[in-house]
Amino acid sequence: MGGSILFYVNGRRRQIFSVNPRMTLLEYLRSPDEYATGTKYSCGEGGCGACTVVLSRASGGKVEHLAVNACLMPLCAVDGCAIITVEGLGNVDHLHPIQERIAKSHGSQCGFCTPGIVMALYAFLRMHPHATAREIEASLDGNLCRCTGYRPIIAAASSFGSDKREGGSSRICPSSGRPCDCGNVGEPFGKIHKSESEFPVDLIFPPELKSYKRGELLIQYHDNRTNENVSWYRPNSLPAALKLKAEVAGLRPIVGATEISVERSLKHILPTNYLYLGDLPELVQIEITDGGIKIGASTPLTRVLDSLNILIRSLPEFKTRPLIAMREQLRYYGSNQIRNVACLAGNIATASPISDMLPTLWAVGARLWIQSVDDKEPYVVPFDSTFILGYRKTRLRPTELIVSIEVPFTTENQYVMSYMQSRRKEDDIALVSAAFFVELEAKQPNAKVVSARSIHGGMAAWTKQAVKTEEFLLGRPWNRETLDAAMITLRDDLPLSPDAPGGMIDFRRTVSLSFLFKFFLMVNSHLAEGLLNTSEMSLLEEHDWSEVSIGEQSFSTYPEKSPVGDPVVHINSLKQVSGQAIYASDIPLTAGELHACYVYSTKVHAKILSIDTSAALKISGVVDFISAKDIPGRNIGGMPHLSDEVLFAEKEVHAIGQVIGAIVATDATTARLASRAVKIQYEEIEGILNLGQAVAAKSFDMKPRTFKFGDPDSAWATCDHVIEGEVSNGEQNHFYLETHSCVAYPGEDKEMTIVAGVQGLADPTRTIAQILNVPINRIEMKVKRLGGAFGGKESRGTHPAATCAVAAKKLRRPVRMVMDRDDNMVCFGNRHGFMTRYKIGCSKEGKLIAMEVEMYIDSGWHLDLSPEVLEVALWSVTSAYFVPHFRATGYVCKTNKVSGTAFRAFGRPQSALVAETIIEHIAATVGKDTMEIRKLNLIQVGQMVPTKQEVDVDMGRFWRDTVLQSKFDNRLAERNNFNKENKWKKRGISVVPLLFGLGITPKFLLQAGALVHILTDGSVMLYHHGIEMGNGISTKMVQIAAATLGVPVESVYNAETTTTAVNNSGNTCASVTTDVAGPAVLDACQQLRDRLSPIREKLGPNATFAQVAEAAFEQRVDLTAHGYSKPYDLWFDWEKGEGVPLAYFVPAAACVSVEIDTLTGAHSVLSTDIVLDVGESINPAIDIGQIEGAFMQGYGFYTLEEVVYDSKSGALLTRGPGNYKIPGFGDVPREFNVTLLKNSPNPKAIFSSRGIGEPPLILGVTAHTAIRDAIKDARTERGLPAWFRLDEPATCERIRMACEDEFTSIIRQN
């Protein structure tokens, strides 16, 4: 047995003789040995796709190119393979067509996810050169993007589709981001590579590997960190594998390593002996027999799916029913990257209780072929209760392996189908699943049931067989009467205790009944024509969109201002698509650099009795434990003006995730391992776990905020209707793709240079100076770019930066921290949860007269920015509606949770939910359509918002434009016709207006500096305070500088944001950064332009800018200028309830149409039309990208994303993409249109623009109200009240349970 592995990376040969079997491919690629940092670390569990690379390998005489998650792939498993990373595809000088199209389609904003998307697309096109646009879009189901909203990426990707290429354009319009022949500025993308020989030579599969024999391999390694011997076994035959299984204790079989790598990342389970079975010929074969299909245990699921599809197309329909049932699960099983490496046997052996596939395999009558070293031939066992014995327990003996899975074909009278419901359609685990099988005596109505299987996932500690239901069905006629009785039996077969893991008790039980009903209809559809009425037929049709998601973008340009107003491509996009953009975690390691990892509280509230670091400090590579005693100055947290947060807890902890200290080690893996070895003893104190408990206990953190408008006390008597209600919203995680990352470099004379992940430099610098007890002038902080932030790095980015600084100061060595996704989500807060009680008065027509609201915000254990978020929420709660008499009171509630923090739109999304809930409640009360009530209550020009500022924008115009642009009347007619014809699926449509008051207090945040250098070659170097985090601020500032100086955009270089150039400025937040930074850049450039004016006049109009600059230098003209701006004088006095907190208004509106499945709660967005006033856009491409991305983030907040805590321990349960679901590619509206209002200059902001980073997020509430509209139609049809409470998010659980029917009644009767 050899002990080395051989592979290629981007065409370069690599042979490693000493490799740790625990090392992943991602760890290797990002190590100093390879430094392929375009491959990003983001989630560590294969759920985001940021680490996607292409794995090429010879298989069956062919070379296959597979997108894989490098964070899951063991390095040892790539022996004999060629790895292609984004660096191997192209660079900024020679981009691959995929990279070029994504960049020029404006498909990269923060850019952190972009390399993974590029590689996923490249792998799929390499294997499927004739794929359609829709197939290409579907292949990206394993990649997430938090910035773009996906639409421009889909536009770029779909342009490679065979149906788009033939006779189509080879150009992408820089205006729309779609293929066109408009002749607008842009370059041809070049041809699409169709064969391997057309690719650059370094991408050809290495000839050496074509003949490489992946034979028997044993790798043995001593892991000094755990002081364990770790072995990797790769047998070359099944008998050899079985022999190893019998001889080596604790041998862990792996194929795709999808389960074992997640255990390593999230559960910190590290096996010592690995048995790799991915190469055994006996286990990767697919055999078709007369009776069915036999699938090798290690066959990748992608290959299984391909085989199923071939058989489904070629065999008689009745035979393929089990194959269709399997396909329904496998097509949504994990992601493309997961399916490329995962296998059925791994799913079976882990026996997960929420497995999507186990109920299906059981129901289709699968049989398992199992073998041990003592068996001459495999023996066969049915996949049923004799195999699944308990929670993650099977009948497999330690010496046995699954060899193959046999699935029988069905006969004409046998029917089988599988079902699942998850939070998100793509790449998600089922909340509840089921599969059913029935055999009838004959193919006719009322035929007797000969046999039946009813198998359920997510309904017990292991896959559950509904035995009584199966027995009940036997011998009975297959009809509705039998079904109705079977429902009662099934309900009793599937009990769930109120405290069952996973919650959603009634939902899971109800959906299980719904699945049986769907199966009943499916079977009936085969038995006779006309057995189903037309209103039930759509229930059998899953959304399988044949067309790719499309969209149109409409905007104006202003040639007289050029390049201001031009849709310039993001200045970093070429670097981002090629993996050459450097983020904090990508900075090369320096000599002696150390790595830090947090040690944090595991209790919601407790006294710290002792901290034992002895075991951690004994681990090889661990250098020190940093805690409060090592802080030379003040022990403070994120905000320099607040003292209620500490950097490191000393005597008491107030939340799970509160940081106690940090382990510092020679590498990140060791630091993570050692952080878990620190033992802390606590004395627990009763905590407040949620907002409801805080309100009940009156756990308020400060004096209530309150103000009023008009005379609400007297107004109630004039109202025809007085309505009271309550609505709540959950939290939302920022889920920036780049976790908190920073590096601190100690210098001489108390200097500290910090590359940090922060949204502003002034506050962190002030805080860290106090912590280190040094003057602020010793702290240099810099940021090149962030991989997303959305407010989550405004105050929270200070904490890791300060931690690294304290460690670096103590140890006199550079210290780096790159947080794991799960730690990041546990330690740093979310968008705040709110609970709002409202009382409203209106006329009989539905006109608002009075409103009173009490808003309760879940602050967490310390204030952070909670008071400011509450304040914004209070003065925004009327949204786009006029309320003559108004009172709002807000309470900051203290709980024992990690504190909520800033998040894009800052309190306004919570307010919008309240405002639209009130409108819906009024409509239901007065019996009118919500469209009529919204239009009736629109605020008019000259009327005042609650802050007593007059409105100067015409919301009526927005309403009319949105109704027109969205073709609302046509869509409404389609919705009405659909709902008449369909009982169990319903469509909803809604138009929601928004009046966004842009502003931020305190006013010291509304100031900025800029520094501009003109160099003698005519190039320009620009510094400003804005942080580039996908918002395009750098691109806009470059455009302003170029336009002012009269030079091309390419001549201006946007340097990193650093305190050595620009200090004492505000943060990048609140949609005001362009408004604040732009005038500072303009000021500096105007100074320089004025200085150069005499020289330009002297040299004449034909002189180049470089000649003018050189002449100015020779004449000793200062070619450096500092600009400054303080654009708005905003303030608000809460004691007096008055002020001017808003600089101007940003009007917007959206129309959204949706379709829901009333039986499962699933929904799809059919169309979205957004109309928004950006003034005269500085860069319409950037603005449209912000609008699309913000809307999808808001859509996630209002419908999908659910932060879940354990109700007993208070522990966060949603700690990564595995169980926290942001929108994916499959959630993009099928039609997604954006219109920027024309002829609407804004005189209050630079170049007549408007700040628009946040308003579109709030428009996501339109999806919530459209879903409500669909639910309302279902309820009206069943005679239920039009009014019902629908909290946020409108998850599948809330949708399903609001659509009350006979199935919910059956469950609630029990």
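Scroll up to find the structure.
Cut-offs applied
Residues numbered from 1 in each chain as written. Predicted model: local features only at pLDDT ≥ 70, side-chain atom pairs only at ≥ 80, totals over all residues. Heavy atoms only, no water. Buried < 20%, exposed > 50% of the residue type's maximum accessible area, 1.4 Å probe, protein only. Helix = DSSP H or I, 4+ residues; strand = E, 2+ residues; numbered from the N terminus. Pairing = 2+ DSSP bridges. Axes fitted to C-alpha atoms, helices over the stretch in contact; angles between N-to-C directions. Contact = heavy atoms within 4.5 Å. Salt bridge = Lys/Arg side-chain N within 4 Å of Asp/Glu carboxyl O.

Engineer: Describe the pairing of strand 4 (residues 62-69), naming the residues involved and giving the relevant values.
Structural biologist: Among the eight residues that make up strand 4, six are buried, leaving the element largely enclosed by the rest of the structure. In this structure, strand 3 (residues 52-59) lies alongside strand 4, joined through eight bridges in antiparallel fashion. Residue pairing across strands places Val53 opposite Val68, the latter belonging to strand 4. Linking strand 3 to strand 4, which pair antiparallel, is a turn of two residues; within it Gly60 sits at a positive phi near 60°.

Engineer: So what's going on with the sheet that holds strand 12 (residues 367-371)? Which residues, and what values?
Structural biologist: With antiparallel pairing, five strands are arranged side by side in an open sheet as 10-11-16-12-13. The strands lining the two open edges of the sheet, one partner per strand, are strand 10 (286-288) and strand 13 (379-382). Neighbour-to-neighbour, the strand axes of this sheet turn through a mean angle of 25°, independent of strand direction. Here five bridges tie strand 11 (residues 292-296) to strand 16 (residues 401-408), and the two strands are oriented antiparallel to one another.

Engineer: Any chance you could break down helix 2 (residues 97-104) for me, citing the residues and the numbers?
Structural biologist: Most of helix 2 sits inside the fold, with eight of its eight residues counted as buried. All of the buried residues along helix 2 are Pro97, Ile98, Gln99, Glu100, Arg101, Ile102, Ala103 and Lys104. Of the surrounding elements, those touching the buried residues of helix 2 are helix 3 (114-127), helix 5 (151-158) and helix 19 (573-577). One or two residues past the end of helix 2 sits His106, with phi positive at roughly 65°.

Engineer: Can you tell me about the pattern of salt bridges, naming the residues and giving the values?
Structural biologist: Per the stated rule, a full pass over the model turns up 78 salt bridges. Put simply, Arg151 and Glu1188 hold a salt bridge, and the shortest N to O gap is 2.8 Å. With a gap of 1037 residues between them, Arg151 in helix 5 and Glu1188 in helix 35 (residues 1180-1200) connect regions that are remote in the sequence. Exposure class is identical for Arg151 and Glu1188. Each is buried. Between Glu1277 and Lys986 there is a salt bridge, and its shortest N-O distance comes to 2.7 Å. Of this pair, Glu1277 sits in helix 37 (residues 1261-1277) while Lys986 sits in strand 37 (residues 985-998), placing them 291 residues apart in sequence. With a relative accessible area of 43%, Glu1277 lands in the partly exposed category. Judged by its relative accessible area of 0%, Lys986 falls in the buried class.

The values are spatial; any link to function lies outside them.
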